[in-house]
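Observations on the model geometry
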Amino acid sequence: MENLKLFTSNFADLTEKEFTDLEALFQPMNIKKMDHVLAMGTYVKDLYFFDRGTFRVYHLKDGEEFTTKFLFSPCIYAELFSIRNLTPTFFNIQALTPCDCYKANFREIEKLVEKSPNVGRLFLKLYEHIYMKGKKREISFILDSQTKRYNNLIAENPQILEEIPLQYIASYIGVKPETLSRIRKKNTQI
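One structure accompanies this document, and this report is about it.

Quick notes on the rules
Residues numbered from 1 in each chain as written. Predicted model: local features only at pLDDT ≥ 70, side-chain atom pairs only at ≥ 80, totals over all residues. Heavy atoms only, no water. Phe/Tyr/Trp six-rings, centres within 6.5 Å; stacked < 30°, edge-to-face > 60°. Helix = DSSP H or I, 4+ residues; strand = E, 2+ residues; numbered from the N terminus. Lys NZ or Arg CZ within 6 Å of the ring centre and 35° of its normal. Core = buried A, V, L, I, M, F, W, Y, C linked by side-chain atoms within 4.5 Å. Buried < 20%, exposed > 50% of the residue type's maximum accessible area, 1.4 Å probe, protein only. Contact = heavy atoms within 4.5 Å. Pairing = 2+ DSSP bridges. Axes fitted to C-alpha atoms, helices over the stretch in contact; angles between N-to-C directions. Parallel < 35°, antiparallel > 145°, perpendicular 65-115°, else oblique. Left-handed = near helix turned anticlockwise from the far one by under 90°. Nonpolar A, V, L, I, M, F, W, Y, C, P; charged D, E, K, R; others polar.

**Re the packing of aromatic side chains**
Under the defined criterion, the tally for this structure stands at 9 aromatic pairs. Ring centres of Phe70 and Tyr172 lie 4.9 Å apart, and the angle between their planes is 40 degrees; on these two criteria the pair is classed as tilted. Taken as a pair, Phe70 in strand S5 (residues 64-72) and Tyr172 in helix H8 (residues 166-173) lie far apart in primary sequence, 102 residues in all. Taken together, the aromatic side chains of Phe7, Phe11, Phe26, Phe49 and Tyr102 make up a single cluster linked through ring pairs. Its guanidinium or amino end placed over the ring of Tyr58, Arg56 lies 3.7 Å from that ring's centre, counting from NZ or CZ.

**Observations concerning the nonpolar core**
Within the largest apolar cluster, 38 residues are counted, with the highest numbers of intra-cluster contacts made by Phe26, Val37, Phe50 and Phe55. Residues within four places of Phe50 in sequence aside, it is in contact with Val37, Phe55, Leu71, Ser73, Pro74, Cys75, Tyr77, Ile93, Asp100 and Cys101. Of all hydrophobic cores here, the second largest spans 16 residues; its members include Leu153, Ile169, Tyr172 and Ile173.

**Regarding the pairing of strand S8 (residues 100-105)**
The sheet contact formed by strand S1 (residues 27-29) and S8 spans 3 bridges and is antiparallel. Note on S8: the bridge partner recorded for Pro28 is Tyr102. The pairing of strand S3 (residues 46-52) with S8 spans 6 bridges and is antiparallel. The residue of S8 that forms the bridge with Leu47 is Ala104.

**Some points on the packing of helix H6 (residues 146-156) against H8**
The description of two packed helices rests on the angle between their axes and on the distance between the axes. Two elements in contact, H6 and H8, have axes whose closest approach is 10 Å; the angle formed by their N-to-C orientations is 120 degrees. One finds that H6 runs oblique with respect to H8. You can see that H6 and H8 cross each other, and the crossing is right-handed. When H6 is examined against H8, the residues Gln146, Arg149, Tyr150 and Leu153 are found in contact with a partner set consisting of Ile169, Tyr172 and Ile173. Looking at the contact of H6 with H8 residue by residue, the classes come out as 5 nonpolar, 1 polar and 1 charged.

**Here we look at the pairing of S3**
The buried count for S3 comes to 6 of 7 residues, which makes it a mostly enclosed element. Relative to strand S6 (residues 75-78), S3 runs antiparallel, the two sharing 4 bridges. Within S6, the position partnered with Phe50 by the bridge is Cys75.

**Focus on the packing of H8 against helix H9 (residues 177-189)**
Where H8 contacts H9, the two axes come as close as 9 Å, and the packing angle between them is 95 degrees. What the angle tells us is that H8 and H9 run roughly perpendicular. On H9, the residues that touch Leu166, Gln167, Ile169, Ala170 and Ile173 of H8 are Pro177, Leu180, Ile183 and Arg184. By residue class, the composition of the contact of H8 with H9 is 7 nonpolar, 1 polar and 1 charged.

**Description of the sheet that holds S5**
Strand order in the open sheet formed by 4 strands is S2-S7-S4-S5, with antiparallel pairing between adjacent strands. Each edge of the open sheet carries a strand with a single partner, namely strand S2 (36-38) and S5. This sheet shows a mean twist of 30 degrees between the axes of neighbouring strands, independent of strand direction. Direction of pairing for strand S4 (residues 54-61) relative to strand S7 (residues 92-95): antiparallel, over a ladder of 4 bridges. Counted as the bridge partner of Tyr58 is Asn92 from S7. Relative to the sheet, H8 contacts S4, S5 and S7, its axis offset from that of S5 by approximately 95 degrees.

Next comes the structure, spelled out in structure tokens:
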């Protein structure tokens, strides 16, 4: 899992042993394009590493899907609310492209964090990064127009239009597909 090493190096410099100990906790999952890694209503006990692929996190309410985030590999994802509160998750995670996924038991990760301050720093920096991305999205919904949210998403993730159906993008920026079509049409006329 060379991508795990590359990904973790963005947050902390692990020794060879620290990385080997971390890597050993991850087990491969058999997930194909359009399969769910995680389903709403399940109790979560694992942290996920997405080595290859693009994923969406969404919630289903009254038959309507609300996309809350996209995950582009390589990345780590933990459904902390469910893990910490011992409650079923509100979210689904779906693979939108062919993928390679791994999972590690969250409690085993915590044991490693207790033994290795450096691994602890890795997860502290990782969670800080995730928090900042979430806060940025929250602020965008308060301050930015729908068009600006769309343009920012495309600027930050140029590959998104090739990998993600437009109805998911519309849901993510908080508009109906028809509104997204108008935004896209207006952008091409500029």
